[in-house]
Amino acid sequence: MIVRWGLDSLGSVLEEVGSGSPLVVASERWSRLELPVEPAGRWTEVPSERIDDAVAEAADADGVLAIGGGSAIDLGKAISAATELPLVSVPTTYAGAEWTPYFGVRDPERRMRGGGSGARLAGVVYEPKLTLGLPRRETVGTAMNALAHCAEALYVQGRNDEADAHALEGARLIGAFLPLVVDEPGDLEARTELLRGACEAGQALGGSMLALGHAMAQALGGRYGLPHGALNAISLPAALRFNEPVAQEALRRLGTALGTDDPIGRVEELARLGGFERLRDLGVPEDELDEVAEAAARRPGAKANPRPASPAQVAELLRSVW
């Protein structure tokens, strides 16, 4: 995949992937961003389960250009998979969705309506200036999603040395620069380094995949339409504690990257920067946690976890952070 930094490189990236007239997938906020090409069309309902309608908009396009956070990029991936058009992503958050061909399909209320794989990942352009207006909760939430990619890459089934290297560097950058961005949201240098951490985390994700913490967050988000980053911020510490008996070396390495001998505590500290502590604060009903746990235990991330987790054990974890 082609990776470039700076929005001024977008034109050359599109040219390299053979797209001179892409379908632009972006919310209203980003849909009028000045572009180096004339789009074949624009799709602004983000997220959307109307994939067939979006695909129809791409009839005259020679590529897909997704601009925004995970919802926009996931929608771009769904269109790319359906059309076999190359996808170029311009992330405006720290979610890391640009690094995998997998996607979730959500309705405008953000409830899960399906998903799949097969996106043609062709390029990504990182422009830190586009993250300067990202609010605190979205900044912390999406950065915690990226940190979860790093942590889980270190112990997920199928982990490997290359993904580990990206995970450790991503965790180092996120741990160091997320607090600085929270303190000074307009600090472009800190935003740039945090985005570099998210880029490393995305590569760790692309090289290893997800584990239990993400499975919990996905089950919760798909049911209640809650932000994925916030749910990862809350779910990750519980998953780390569950995996600690079988992943002590991975946690030690995570701690080294985060500059602490208490990596789980540090993850909780970082999550609190966005106000993320308990599921009840997000409106998750306690009497439905068993059903959520059943759904989480069936997800691929739970099955790739280094320690098998039964629905009852997942329910206990969810209650520990409720």
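Further up the page is the structure itself.
A few points on the structure. Note that the structure is a prediction, hence the values are computed from the model and not measured. (Residues numbered from 1 in each chain as written. Predicted model: local features only at pLDDT ≥ 70, side-chain atom pairs only at ≥ 80, totals over all residues. Heavy atoms only, no water.)

**Some words on the overall build of the protein**
Applied cut-off: Under the scheme used here, helices are H or I runs from DSSP no shorter than 4 residues and strands are E runs no shorter than 2 residues, and both carry numbers assigned from the N terminus. Both definitions apply: the radius of gyration is a C-alpha atom measure, and the globule rule equals 2.2 Å times residues to the power 0.38. The buried label goes to any residue with under 20% of its type's maximum accessible area, the exposed label to any with over 50%, and the partly exposed label to all in between, with areas taken from a 1.4 Å probe on protein chains only. Residue contacts follow a heavy-atom distance rule, with two residues in contact if any of their heavy atoms lie within 4.5 Å. Here, Shrake-Rupley sampling with a 1.4 Å probe gives the accessible areas, and only protein chains in the shown set may cover a residue. Note that His is not counted, nor are the chain ends; the positive residues are Lys and Arg, and the negative ones are Asp and Glu. To locate a charge, take atom NZ for lysine, CZ for arginine, CG for aspartate or CD for glutamate.
Helix and strand counts for the protein stand at 14 helices and 8 strands. Computed over C-alpha atoms, the radius of gyration of the protein comes to 19 Å, within 12% of the 20 Å expected from 2.2 N^0.38 for 322 residues, which places it in the range of a compact globule. Each principal axis of the C-alpha distribution contributes one length, and for the protein these read about 55 × 40 × 35 Å. Within the protein, the proportion of its 322 residues that are buried is 57%. Here the contacts in the protein between residues at least 6 apart in sequence split such that 72% fall between residues at least 24 apart. Surface summary for the protein: the accessible area is close to 12800 Å², and the carbon and sulfur share equals 46%. Placing the 31 positive and 46 negative side-chain charges of the protein at their respective mean positions leaves the two points 4 Å apart.

**A look at the pairing of strand β8 (residues 120-126)**
Filter applied, for reference: Between any two strands, pairing holds if DSSP finds at least two bridges.
Most of β8 sits inside the fold, with 5 of its 7 residues counted as buried. Judged from the 4 bridges that link them, strand β1 (residues 2-5) and β8 form a sheet pairing that is parallel. Residue pairing across strands places Val3 opposite Val124, the latter belonging to β8. The pairing of strand β5 (residues 86-91) with β8 spans 4 bridges and is parallel. Looking across to β8, one finds that Pro86 is bridged to Arg120.

**Thoughts on the nonpolar core**
This is how the line gets drawn: Residues belong to one nonpolar core when they are buried, are Ala, Val, Leu, Ile, Met, Phe, Trp, Tyr or Cys, and are joined through side-chain atoms within 4.5 Å.
Met144, Leu178, Leu212, Leu240, Leu279, Val314 and Leu318 are the most contacted members of the largest nonpolar core, which has 78 residues in total. Excluding residues that lie within four positions of it along the chain, Leu178 makes contacts with Thr139, Val140, Ala143, Met144, Leu173, Leu194, Leu270 and Leu273.

**What to know about the packing of helix α8 (residues 212-224) against helix α12 (residues 289-297)**
Stated formally: Interaxial angle, 0 to 180 degrees, is taken between N-to-C directions of lines fitted to C-alpha atoms, where a helix line uses only the stretch in contact. Note on angle classes: values under 35 degrees are labelled roughly parallel, values over 145 roughly antiparallel, values of 65 to 115 roughly perpendicular, and the remainder oblique. Crossing handedness: left-handed means the near helix sits turned counterclockwise from the far one by under a right angle, and right-handed means the same turn made clockwise. Note that Gly is not counted as nonpolar here; it falls among the polar residues with everything else outside the nonpolar set of Ala, Val, Leu, Ile, Met, Phe, Trp, Tyr, Cys and Pro and the charged set of Asp, Glu, Lys and Arg.
It is the contact of α8 with α12, at a shortest axis distance of 8 Å, that shows an interaxial angle of 125°. When the axes of α8 and α12 are compared, the pair comes out oblique. For α8 against α12, the interelement crossing comes out right-handed. Across from Ala215, Met216, Ala219, Leu220, Arg223 and Tyr224 in α8, the residues of α12 making contact are Glu291, Val292, Ala295 and Ala296. Here the contact of α8 with α12 is composed, by residue class, of 8 nonpolar, no polar and 2 charged.

**Side note on the pattern of salt bridges**
So the rule is basically this: Counted as salt bridges are all cases of a side-chain nitrogen of Lys or Arg within 4 Å of a carboxyl oxygen of Asp or Glu.
Inspection of every chain in the model, using the stated rule, returns 15 salt bridges. A salt bridge links Arg4 to Glu16; the shortest N-O distance between them is 3.2 Å. Taken as a pair, Arg4 in strand β1 and Glu16 in helix α1 (residues 10-16) lie far apart in primary sequence, 12 residues in all. In this structure Arg4 comes out as partly exposed when scored by relative accessible area, which is 31%. Note that Arg266 is salt-bridged to Glu269, the shortest N-O span being 2.9 Å. Of the two residues, Arg266 and Glu269 are both situated in helix α11 (residues 263-272); the distance of 3 residues between them amounts to about one turn of the helix. Judged by its relative accessible area of 38%, Glu269 is partly exposed. Within the structure, one salt-bridge network assembled from shared partners comprises Arg159, Asp161, Asp164 and Arg253.

**Looking at the sheet that holds strand β2 (residues 23-25)**
Here 6 strands make up an open sheet; going across it, the order is β1-β8-β5-β4-β2-β3 and the pairing parallel. Where the open sheet ends on each side, the last strands, each with one partner, are β1 and β3 (41-43). Each strand axis lies, on average, 20° off the axis of its neighbour in the sheet, ignoring direction. Against the sheet, helix α4 (residues 70-83) contacts β2, β3, β4 (64-68), β5 and β8, and its axis sits at roughly 165° relative to β4.

**Describing α12**
How we decide: The arc in question is the one traced by the directions running from the helix axis out to the C-beta atoms.
Of all the positions in α12, only Leu289, Val292, Ala293, Ala296 and Ala297 are classed as buried. All buried residues of α12 fall inside an arc of 130° around its axis, so they share one side. Summarising the contacts, the buried residues of α12 are in contact with α8, α13 (300-303) and α14 (311-320).

**Let's talk about the packing of aromatic side chains**
Heads up, the rule is: In this scheme Phe, Tyr and Trp rings, the latter by its six-membered ring, pair at centre separations within 6.5 Å, and the angle between planes marks the pair as stacked below 30 degrees, edge-to-face above 60, and tilted otherwise. Ring-over charges, as used throughout, are those where CZ of Arg or NZ of Lys falls within 6 Å of the ring centre and within 35 degrees of the ring normal.
Under the definition given, this model contains 1 aromatic pair. Centre to centre, the rings of Trp5 and Tyr126 are 4.9 Å apart; their planes meet at 25°, and the pair counts as stacked. Placement of the pair is Trp5 in strand β1 and Tyr126 in strand β8, with a sequence separation of 121 residues. Judged by its relative accessible area of 1%, Tyr126 is buried. Over the ring of Trp5 we find Arg196, and its NZ or CZ is 4.3 Å from the ring centre. Over the ring of Phe242 we find Arg307, and its NZ or CZ is 4.0 Å from the ring centre.

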